[in-house]
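Listed below, chain by chain, are the residues.
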Amino acid sequence: MAEYIWLDGEKVPEIRGKTKILEIKENEKLDEFKASTWGFDGSSTMQAEGHNSDCVLEPVRTYYDPIRNTGNEEFPHLLVLNEVMLPNGKPHSSNTRFGLKHIAERHQAEKFWFGIEQEYTLFQGDRPFGFPKEGFPDPQGRYYCGVGAGKAIGRQIIEEHMRACLEAKLLFAGINAEVMPGQWEYQIGTGDPLKVADDLIVARYLMERIAEEQGVSVSLAPKPCPGDWNGAGAHTNFSTKKMREFGGFDAVIEKLRERHQEHIAVYGQGIEERLTGKHETCPYTEFRSGVSDRGASIRIPWQCERERKGYLEDRRPCANMDPYVVLGKIMETVGEP
Ligand code: ADP
Ligand code: MN
Ligand code: MN
Ligand code: MN
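Residues numbered from 1 in each chain as written. Chains lettered and ligands numbered in written order. Predicted model: local features only at pLDDT ≥ 70, side-chain atom pairs only at ≥ 80, totals over all residues. Heavy atoms only, no water.

1. Points about helix α2 (residues 155-167)
This is how the line gets drawn: A run of DSSP states H or I qualifies as a helix once it reaches four residues; a run of E qualifies as a strand once it reaches two. Both are numbered from the N-terminal end. Helices are assigned an expected span. That span is 1.5 Å times one less than the residue count. Burial classification: accessible surface area is computed with a 1.4 Å probe over protein chains only, and a residue below 20% of its type maximum counts as buried, one above 50% as exposed, and the rest as partly exposed. Comment: arc refers to directions from the helix axis out to C-beta atoms. Contacts: residue pairs with any heavy atoms within 4.5 Å of one another.
The terminal C-alpha atoms of α2 lie 18 Å apart, and with 13 residues this matches the ideal 18 Å at 1.5 Å per residue to within 8%. Those residues of α2 not exposed but buried are I157, I158, H161, M162, A164 and C165. An end-on view of α2 places all buried positions within 165 degrees of arc, on one side of the element. Away from the buried face of α2 by more than 90 degrees, exposed residues Q156 and R163 are located. Its buried side turned inward, α2 meets β6 (113-124), β8 (172-177), β9 (183-191) and α3 (193-212). Residue K169 follows α2 closely and has a positive phi angle near 65 degrees.

Right under this line is the structure:
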C-alpha cells in the first residue's frame, strides 16, 4: 500500500492522500524503488475546473509508513510525497515545492540549514482539546512543558506521533507542551531546506492521521482561541555555513529588516491576529531583533550570542505557513545575490 500525499489548492493548503496498491518486482529493494506517477481529480481539490480536471502526482520522496506497517512486511507500505503537476509537465500553480527546489539549487554553496518548530492546537469539535464544554480552563501558566493530568492534554496522541515520525525517519528533534492547554510543539530539523520542508509536510500528515483515529482534529490556526491565549507559530531557525563558522549576524538581520513586510506577507494566513506584541510576539508592523528576546521578530539564541556564531530564530512565521515558501523567502533574502 502506498499512500500518495500532496497539498491541495485551498488558501491555506491542506494535505490530501489516496492509496495505490503497487506491484513490487521480485527482489526489488526499497532504496532502489521508484514510485510511479499518478493522477487525481483537481476539480475536487481547488486545483482545476471540472471540464479539465486531471492533475498529475509526481513522487518526490518516499517514506516508510509508520501507520500501516506492522514490522513484519516483506516490502514495507509506503508514504509517497508528491508535487502536483499539470498534464503538460509544468508545475501546477499550487506547487510551491517546485520553486523551493530551484532556490535551494541556486544557494547550494551557502549550505543553508533549517529547523522548524511546529506549534499546533488539538480540537474536539469546536473546542480546544481539554477545554470544558462551557467556560474556560485555568488561565495559562502551568501548561507549558506541563506534566500531569489537567496540564498535559493529549499526550497519548503526541507520543504516538513522535514514535511514528521517528519510524518514518523524519528529521525530528523533539516535542513540548505549549503555553495554551491542548497546544503542543514538535521540531523538524536540522537539515537542508528540501528535506526539512518535506519532512514537515509528512509530520503534519502523520499528526492528522493519528489524531483522526481518536476523533480529534488538528488546527494550525495562528490564533485558534481569541483572548488571553497564546497563538501558534512555526519559528524557523536557520543558518548558513558562514553563520555557523563566522557569525556575521548583524548583516543578516539588516537584510531581514529591509524586507520585513515582504516576509510578513508570506508567513501564514491570519498573521495579524497572532503578531500583536502580546503573547511572546513582536507586532507585525514592527521589526526587532534581540538576544534571548521572545518579544523579537528575530531572536539570537544566547549560546549563539556568546559564541558569536551559529543560527538565528525567525519567530514570525505562523503555524499554518507553507514551509516551501518560507524557507525559499529566507534563502532569497539572506543568501548571496
Ligand atoms: P526554542 O528555544 O525556540 O523553543 P527549540 O529547541 O524548540 O527552540 O528549537 C530549536 C530549533 O533550532 C530546532 O528546530 C533545531 O533544528 C534548530 N537549530 C539548531 N541548530 C541550528 C542550526 N545551526 N541551523 C539551523 N537550525 C538550527
Ligand atoms: Mn521551541
Ligand atoms: Mn513554542
Ligand atoms: Mn522558538
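2. Points about the side chain of E313
The test is simple: What qualifies as a polar contact is a pair of N or O atoms within 3.5 Å, subject to a donor-acceptor requirement within protein and to the restriction that residues adjacent in sequence count only when both atoms come from side chains.
Within the element layout of this structure, E313 appears in strand β14 (residues 312-314). At 2.9 Å, the side chain of E313 forms a polar contact with the side chain of H235. Only 3.1 Å separates the side chain of E313 from the side chain of R315, close enough to count as a polar contact. Those residues in contact with E313 that lie beyond four places of it in its chain are E117, H235, T236, N237, S297, I298 and R299.

3. Quick notes on the site of ligand 1
Selection criterion: Throughout, the term near means that a residue has one or more heavy atoms lying within 4 Å of the molecule or strand in question.
By nearness alone, 16 residues border ligand 1, and E185, T190, S239, R299 and E313 come closest of all. Contact between ligand 1 and T190: an oxygen atom at 2.7 Å from a side-chain N or O atom of the residue. Between N237 and ligand 1, the recorded distance is 3.4 Å, taken from a side-chain N or O atom to an oxygen atom. A per-element tally of the shell around ligand 1 places β6 first, with five residues.

4. A short note on the sheet that holds strand β3 (residues 38-41)
Selection criterion: For two strands to be treated as a pair, DSSP must find no fewer than two bridges joining them. Axes, fitted as lines to C-alpha atoms, cover a helix only where it is in contact. Angles between the N-to-C directions of the axes lie from 0 to 180 degrees.
As summarised here, the arrangement of the five strands in space is β2-β1-β5-β4-β3, forming an open sheet in which the pairing is mixed. Whereas interior strands pair on both sides, the edge strands pair on one side only; in this sheet they are β2 (15-20) and β3. Recorded for the sheet is a direction-independent mean angle of 40 degrees between the axes of neighbouring strands. Here strand β1 (residues 2-7) pairs with strand β5 (residues 78-85) via four bridges, running parallel. Residue pairing in the sheet places A2 in a bridge with L78 of β5.

5. A look at the layout of surface pockets
In this approach a probe as big as a water molecule rolls over the atoms, and the regions it shows empty are the leftover space. So the rule is basically this: Here a cavity is any set of points on a 1 Å grid over the protein atoms alone where a 1.4 Å probe fits but cannot get out, and a pocket is any open set with protein on both sides within 12 Å along at least 5 of 7 lines; a residue lines the site when it has an atom within 4 Å of a point. Grid points are joined across faces, edges and corners, and a volume is the space filled by probe spheres set on the points. Only Asp, Glu, Lys and Arg are considered charged, only Ala, Val, Leu, Ile, Met, Phe, Trp, Tyr, Cys and Pro nonpolar, and every remaining residue, Gly among them, polar.
When its volume is computed, the largest pocket comes out at roughly 610 Å³. E117, H235, R294, R299 and E313 are, among the 35 residues lining the largest pocket, the residues nearest its centre. Listed by contribution, the elements that provide at least two residues to the lining of the largest pocket are β6, β9, β11 (236-239) and α8 (302-307). In terms of residues, the lining of the largest pocket owes the most to one element, β6, which gives five residues. Its residues assigned to classes, the lining of the largest pocket comprises nine nonpolar, 13 polar and 13 charged.

6. Quick look at the pattern of salt bridges
The criterion, for reference: Within this document, salt bridges are pairs made up of a side-chain nitrogen of Lys or Arg and a carboxyl oxygen of Asp or Glu, the two lying within 4 Å of each other.
Applying the stated criterion across every chain yields a total of 19 salt bridges. In this structure, R16 engages D8 in a salt bridge whose closest nitrogen and oxygen atoms are separated by 2.9 Å. Accessibility expressed as a relative area gives 27% for R16, which makes it partly exposed. The class for D8 is buried, based on a relative accessible area of 1%. Across the pair E213 and R209 runs a salt bridge whose closest N-O atoms are separated by 3.0 Å. Taken together, the shared-partner salt bridges connect R61, E83, R97, K101 and D198 into one network.

7. As for the coordination of the manganese ion (ligand 4)
Quick reminder of the rule: Metal-coordinating donors are taken as N, O and S atoms lying within 2.8 Å of the metal, or within 3.2 Å when the metal is Na, K or Ca; because water is left out, some sites can appear incomplete.
Protein ligation of the manganese ion (ligand 4) involves E117 (OE), E117 (OE), H235 (ND1) and E313 (OE), the donor distances falling in the range 2.0 to 2.5 Å. The sequence pattern describing where the donors of the manganese ion (ligand 4) fall on their chain is E-x117-H-x77-E. Between the manganese ion (ligand 4) and the manganese ion (ligand 2), a separation of 3.9 Å is found, and both are coordinated by E117. Highlighted residues: H235 in the loop between β10 (217-219) and β11 and E313 in strand β14, separated in sequence by 78 residues.

8. Remarks on the pairing of β11
Burial along β11 is two-sided: the residues T236 and F238 and N237 and S239 are all buried. Relative to β11, β6 runs antiparallel, the two being bridged by four bridges. Bridging across to β11, I116 finds its partner in T236. As paired strands, β11 and β14 are joined by three bridges and run antiparallel to one another. Across the sheet, N237 pairs through a bridge with E313, a residue of β14.

9. A short note on the side chain of K223
Definition in use: Positive charge is attributed to Lys and Arg, negative charge to Asp and Glu, and no charge count is given to His or to the chain ends.
Within the secondary structure layout, K223 lies in the loop between β10 and β11. For the buried residue K223, which engages in no salt bridge, the nearest side chain bearing the opposite charge is D228, 6.7 Å off. Within the local environment of K223, its side chain forms a polar contact with the side chain of H279, the two groups lying 3.5 Å apart. Non-local contacts of K223, meaning those with residues more than four positions away in its chain, are made with W229, N230, G231, E273 and H279.

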